[in-house]
Amino acid sequence: LTKGLHHTDYRVRRAAAEVIGVVSDPRAAADLVAALKSESDDFVKSGINRALQAISGRSIESHQVEQWEEWLKTQK
């Protein structure tokens, strides 16, 4: 991501900044949990899970969606 912020193409810089914004914003957690529930691609699920781990500080795995939902209830 840090390389993306210094890329010559403004679209790459914008995308990198957006990713950093989502990962650092706890308000995005509900959308990420919903995406994790509906996603079928393991690589995408892994990326979503890492973002949730960064937001929450927890080490819940991507296949444990129920635990993410329980954590999400504590955030409201």
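Rules used in this analysis
- Residues numbered from 1 in each chain as written.
- Predicted model: local features only at pLDDT ≥ 70, side-chain atom pairs only at ≥ 80, totals over all residues.
- Heavy atoms only, no water.
- Salt bridge = Lys/Arg side-chain N within 4 Å of Asp/Glu carboxyl O.
- Buried < 20%, exposed > 50% of the residue type's maximum accessible area, 1.4 Å probe, protein only.
- Helix = DSSP H or I, 4+ residues; strand = E, 2+ residues; numbered from the N terminus.
- Axes fitted to C-alpha atoms, helices over the stretch in contact; angles between N-to-C directions.
- Parallel < 35°, antiparallel > 145°, perpendicular 65-115°, else oblique.
- Left-handed = near helix turned anticlockwise from the far one by under 90°.
- Contact = heavy atoms within 4.5 Å.
- Nonpolar A, V, L, I, M, F, W, Y, C, P; charged D, E, K, R; others polar.
- Arc of directions from axis to C-beta.

Caption draft 1: Layout of the pattern of salt bridges. Summed over the entire model, instances satisfying the criterion amount to 4 salt bridges. Across the salt bridge formed by aspartate 25 and arginine 27, the nearest N and O atoms sit 2.9 Å from each other. Accessibility expressed as a relative area gives 72% for arginine 27, which makes it exposed. With its nearest N and O atoms 2.9 Å apart, the salt bridge here joins lysine 37 to glutamate 69. Separated by 32 residues along the polypeptide, lysine 37 in helix α3 (residues 29–38) and glutamate 69 in helix α5 (residues 65–73) bring together distant segments of the chain.

Caption draft 2: The arrangement of the packing of α3 against helix α4 (residues 42–56) in detail. Following both chains from N to C, one finds α3 and α4 inclined at 150°, their axes separated by 10 Å at the closest point. Accordingly, the angle class assigned to the pair α3 and α4 is roughly antiparallel. Crossing geometry of α3 relative to α4 is assigned as left-handed. Where α3 abuts α4, its residues Ala29, Leu32, Val33, Ala35 and Leu36 lie against Lys45, Ile48, Asn49, Ala51, Leu52 and Ile55. A class-by-class count of the residues in the contact of α3 with α4 yields 9 nonpolar, 1 polar and 1 charged.

Caption draft 3: Up close: α5. For α5, every residue scored as buried is listed here: Val65, Trp68, Trp71 and Leu72. Viewed end-on, α5 has its buried residues packed into an arc of 115°, placing them on one side of the element. For α5, exposure combined with an orientation more than 90 degrees from the buried face picks out Glu66 and Lys73. Of the surrounding elements, those touching the buried residues of α5 are α3 and α4.

Caption draft 4: Seen up close, the packing of α3 against α5. Between α3 and α5, whose axes approach to 10 Å, the crossing angle comes to 160°. The angle between the axes of α3 and α5 places the two elements in the roughly antiparallel class. Crossing geometry of α3 relative to α5 is assigned as left-handed. Two secondary-structure elements touch here, α3 through Ala29, Ala30, Val33, Leu36 and Lys37 and α5 through Val65, Trp68, Glu69, Trp71 and Leu72. The residue inventory of the contact of α3 with α5, partitioned by class, reads 8 nonpolar, no polar and 2 charged.

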